[in-house]
Amino acid sequence: MMEQDTIDTALSAGRSGWQRLGAHSIRFEAPDLVFLRVVGDVSPDQLTHLFAALRRLSSRAGGVCWLIDMTHLGEMPLATRKAARWHGLDGQLHATAMFGASLLQRAMATLTIHAGRLSNRGNGHHKTRFFTSESEARAWLDGVRPTPHQLGPTE
């Protein structure tokens, strides 16, 4: 329950400071960016809490963009990849930019994303790209994110 409270705090509208999710850090950058720094392994429970919170934020913000720092990513066990496929976020995300991933991590993430899309019931596909640096990832997100009037209602 502690992790759920922490992630809800991190993703609350108007909150911009870093919050913890296990070893990972997360923050919301208004109006629509969720920045996740992954450190070490990602558990299925952490992923499930994260996706549920992103859905709640997306419903308030009209969709979100996701910036993921994978520089210090550990393992994504099979159970975590299955949770990602089961709890996919298409329909809630405008775009996802990941940076710092190794070739193997990019391959695993790509397979997980595609598997999630195949099992998703046609709710749309968000744009996903990998980058070497945070600045490249942010520049791409700035170019593909909806304009403020396209984001929908906000609180």
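Relevant structure appears above.
Computed from a predicted model, the values in this text were never measured in an experiment.

**Points about a nonpolar patch on the surface**
A cluster of nonpolar residues, Leu104, Met108 and Leu111, forms a patch on the protein surface that exposes about 310 Å² of accessible area. Assignment of secondary structure puts Leu104 in helix 4 (residues 103-119).

**Let's talk about the environment of Val144**
Mapped onto the elements, Val144 comes out in helix 5 (residues 134-144). The class of Val144 is partly exposed, set by a relative accessible area of 24%. Each C-alpha atom of the pair Val144 and Ala95 lies 7.3 Å from the other, and the pair is 49 residues apart in sequence. Beyond its immediate chain neighbours, meaning those up to four positions away, Val144 contacts Ala95 and Lys127.

**Considerations on the sheet that holds strand 6 (residues 127-131)**
Each strand in a sheet pairs with its neighbour through backbone hydrogen bonds, running either in the same direction (parallel) or in the opposite one (antiparallel). Pairing is mixed across the open sheet formed by 6 strands, whose spatial order is 1-2-3-4-5-6. Only two strands of the sheet have a single partner each, and these edge strands are strand 1 (19-21) and strand 6. Direction aside, neighbouring strands of the sheet carry axes that sit 20° apart on average. In the sheet, strand 2 (residues 24-29) pairs with strand 3 (residues 33-40) via 5 bridges, with the strands oriented antiparallel. Among the inter-strand pairings, Ile26 is bridged to a residue of strand 3, identified as Leu36. Where helix 2 (residues 44-61) meets the sheet, its contacts fall on strand 1, strand 2, strand 3 and strand 4 (64-73), and the angle it forms with strand 4 comes to roughly 155°.

**Thoughts on helix 5**
Those residues of helix 5 lying buried are Ala137, Trp140 and Leu141. In an axial view of helix 5, the angular spread of the buried residues amounts to 100°, which keeps them on one side of the axis. Among the exposed residues of helix 5, those pointing more than 90 degrees away from its buried face are Ser135, Asp142 and Gly143. Against strand 3, strand 4, strand 5 (93-99) and strand 6 lie the buried residues of helix 5.

**Some thoughts on the environment of Ile26**
You can see Ile26 is positioned in strand 2. Residues Ile26 and Leu50, spaced 24 residues apart in sequence, show a C-alpha to C-alpha distance of 9.5 Å.

**Concerning the pairing of strand 2**
With 6 of 6 residues buried, strand 2 is to be regarded as a mostly interior element. Side chains His24, Ile26 and Phe28 of strand 2 all project onto a buried face; the interleaved residues Ser25, Arg27 and Glu29 project onto the opposite face, where all are buried too. Across 3 bridges, the pairing between strand 1 and strand 2 is antiparallel. Opposite Arg20, over in strand 2, you have Ser25 as the bridge partner.

Conventions we followed
- Residues numbered from 1 in each chain as written.
- Predicted model: local features only at pLDDT ≥ 70, side-chain atom pairs only at ≥ 80, totals over all residues.
- Heavy atoms only, no water.
- Patch = residues over 30% accessible without salt bridge, like charges linked within 9 Å, V, L, I, M, F, W, Y side chains within 5 Å.
- Areas by Shrake-Rupley, 256 points an atom, 1.4 Å probe, with all protein chains shown as cover.
- Salt bridge = Lys/Arg side-chain N within 4 Å of Asp/Glu carboxyl O.
- Helix = DSSP H or I, 4+ residues; strand = E, 2+ residues; numbered from the N terminus.
- Buried < 20%, exposed > 50% of the residue type's maximum accessible area, 1.4 Å probe, protein only.
- Contact = heavy atoms within 4.5 Å.
- Pairing = 2+ DSSP bridges.
- Axes fitted to C-alpha atoms, helices over the stretch in contact; angles between N-to-C directions.
- Arc of directions from axis to C-beta.

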